Amino acid sequence: LVRLTRPFSDLAAHESVALDALSAAGGHVVAPACNLCGSTQARPFLTCRTHVLVTCVGCGLVYATERLGAVELAEMYAHRYPPEAFLPQRERKLAKAHRELALLERLTTGRRLLDVGTSYGFFLVAARERGWSAVGVEIAPEPAEYARRIYGLDVRTGTLETVPLEPAGFDVVTIRHVLEHVPDPLGMLRRAVALVRPGGLILVAVPNLASLAFRLNGRYWWWIDPPTHLYYFTPRTLRAMLQRAGLEVVLAQSERSDDHPLLYTLLFSLNQRFRLGARLRRWRWPLGGHAGLDAPDEGRPAGPSRWGRHIWTAAQVLGEALDRLARPLAVVPQRLLLCSEVLMVAQRHRSSCETGRV
Ligand SMILES: [Zn+2]
């Protein structure tokens, strides 16, 4: 029996190979307790760089076997998302925020909102424009300060554990692309439940492990990113966790969100599976020193060639155009919850005696 309980998994290459073999043989490992059901029995799911992801035998939740403390998390996020990475995405993020807020406005008339992991505050800017009274909580000091100074928003630096907030003081709590990052997502959901009024709503959005993009790219999918991402939800495990936190799911949907267009994802998958970059290099394809298809994050020291970058940029631009053309067809993967992001809205039970029960 393999024990994966070291605080940081620093896998050697032979351990990674051994885990892959164990996984192929259907063997179990002992992992840190599952956040959803408490089981320590797990199966290796995949290895990524030096990290191990496992599937809980009890409930199917996929998670990284390492555990980060509050200090490590705060350090990781203090410099992880610099403004230059986020500010160019402002318009797109604002548009997405307006779509999500419109969704919430169809489900509730309450307009008191708490956004957890609010980053530079774009979501709160959209909420304020639509007449919501909104508060944000952000662990990283720099984005929180930016949101206060530039947009005049009420953003408090810290987490749901450290920032004092009025119990049952909100109609809606939004937790967008945060749950997959935190060491105790069920604990975060339970704290969020205590902050919404009975009958209030929690909106959660996470990367979707049941997506076509993951099925195509496996460990190379952009959102397989331990230890930044510690949890990997499918619609089924996300729903189960919301229910365990005392919530009832009232809406589930799926969209591409920040992921690449389908054409790019397909090309990336072909490149990974058939090692097109390496083959072209061997055939001395006349595209410069490195073959064109080496992907930007294949980890090659020289990085992709100039031609390579052109090919990936072209795949992105053409892919965006094709995705726009195919938008009417996108309803199918959206309905089947197969797109890269899954979003659920769940309701706190109205009667206080029901809350918190499993
Ligand atoms: Zn479990």
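Quick look at the structure, then.

Quick notes on the overall build of the protein
When helices and strands are tallied, the protein shows 13 helices and 13 strands. Looking at the protein as a whole, 50% of its 358 residues qualify as buried. For the protein, restricting intrachain contacts to residue pairs at least 6 apart in sequence, the fraction spanning at least 24 positions comes to 68%. If you sum the accessible surface of the protein, you get close to 16900 Å²; carbon and sulfur atoms cover 58% of it.

Details of the nonpolar core
Core analysis: the largest hydrophobic core is formed by 63 residues, its most contacted members being L114, I175 and I202. Looking at which element gives the most residues to this core, the answer is helix α7 (residues 185-195), with 6 residues. Listed in part, the 29 residues of the second largest apolar core include A126, A144, A147 and L153.

Regarding the side chain of D225
Position of D225 among the secondary structure elements: in the loop between α8 (212-217) and β11 (231-232). Setting aside residues no more than four positions away along its own chain, D225 makes contact with R49, R80 and Y232.

Here we look at the sheet that holds strand β13 (residues 341-348)
Read from one edge of the open sheet, 7 strands run β8-β7-β6-β9-β10-β13-β12, paired in mixed fashion. Only two strands of the sheet have a single partner each, and these edge strands are β8 (154-157) and β12 (247-255). Taking each pair of neighbouring strands and ignoring which way they run, the sheet shows an average axis angle of 15 degrees. The pairing of strand β9 (residues 170-176) with strand β10 (residues 196-207) spans 6 bridges and is parallel. Residue pairing for β10: V173 is matched across the bridge by I202. Each of β6 (112-116), β9, β10, β12 and β13 touches α7; the most contacted strand, β10, lies at about 145 degrees to it.

Here's the deal with the coordination of the zinc ion
Protein coordination at the zinc ion comes from C34 (SG), C37 (SG), C56 (SG) and C59 (SG), with a distance range of 2.3 Å. Around the zinc ion sit 4 donor atoms; with metal-centred angles ranging over 98 to 118 degrees, the donor geometry is tetrahedral. Sequence positions of the residues that donate to the zinc ion give the spacing C-x2-C-x18-C-x2-C. Taken together, the residues span a long stretch of sequence, with C37 in the loop between β2 (29-30) and β3 (41-48) and C56 in strand β4 (residues 51-56) at a distance of 19 residues. Judged by relative accessible area, C37 falls into the partly exposed class, the value being 32%. For C56, a relative accessible area of 1% puts it in the buried group.

Remarks on the pattern of salt bridges
Oppositely charged side chains can form a pair if their charged atoms are brought close together. Evaluation of the coordinates by the stated rule reveals 15 salt bridges. Across the salt bridge formed by D171 and R197, the nearest N and O atoms sit 2.7 Å from each other. Pair noted here: D171 is in strand β9 and R197 is in strand β10, with a separation of 26 residues, a long-range link. Using a relative accessible area of 5% as the deciding quantity, one classes D171 as buried. R256 serves as the salt-bridge partner of E320, at 2.8 Å between the closest nitrogen and oxygen. Of this pair, E320 sits in helix α12 (residues 306-325) while R256 sits in the loop between β12 and α10 (262-274), and the two are 64 residues apart along the sequence. Classification of R256 by relative accessible area gives partly exposed; the value is 24%.

Thoughts on a nonpolar patch on the surface
Together, L318, L322 and L325 make up an exposed nonpolar region whose accessible area comes to about 320 Å². If you trace the backbone, L318 turns up in helix α12.

Criteria and thresholds
Residues numbered from 1 in each chain as written. Predicted model: local features only at pLDDT ≥ 70, side-chain atom pairs only at ≥ 80, totals over all residues. Heavy atoms only, no water. Helix = DSSP H or I, 4+ residues; strand = E, 2+ residues; numbered from the N terminus. Buried < 20%, exposed > 50% of the residue type's maximum accessible area, 1.4 Å probe, protein only. Contact = heavy atoms within 4.5 Å. Areas by Shrake-Rupley, 256 points an atom, 1.4 Å probe, with all protein chains shown as cover. Core = buried A, V, L, I, M, F, W, Y, C linked by side-chain atoms within 4.5 Å. Pairing = 2+ DSSP bridges. Axes fitted to C-alpha atoms, helices over the stretch in contact; angles between N-to-C directions. Donors = N, O, S within 2.8 Å, 3.2 Å for Na, K, Ca; no water. Tetrahedral: all angles 85-135°; square planar, octahedral: opposite > 155°, others 65-115°. Salt bridge = Lys/Arg side-chain N within 4 Å of Asp/Glu carboxyl O. Patch = residues over 30% accessible without salt bridge, like charges linked within 9 Å, V, L, I, M, F, W, Y side chains within 5 Å.

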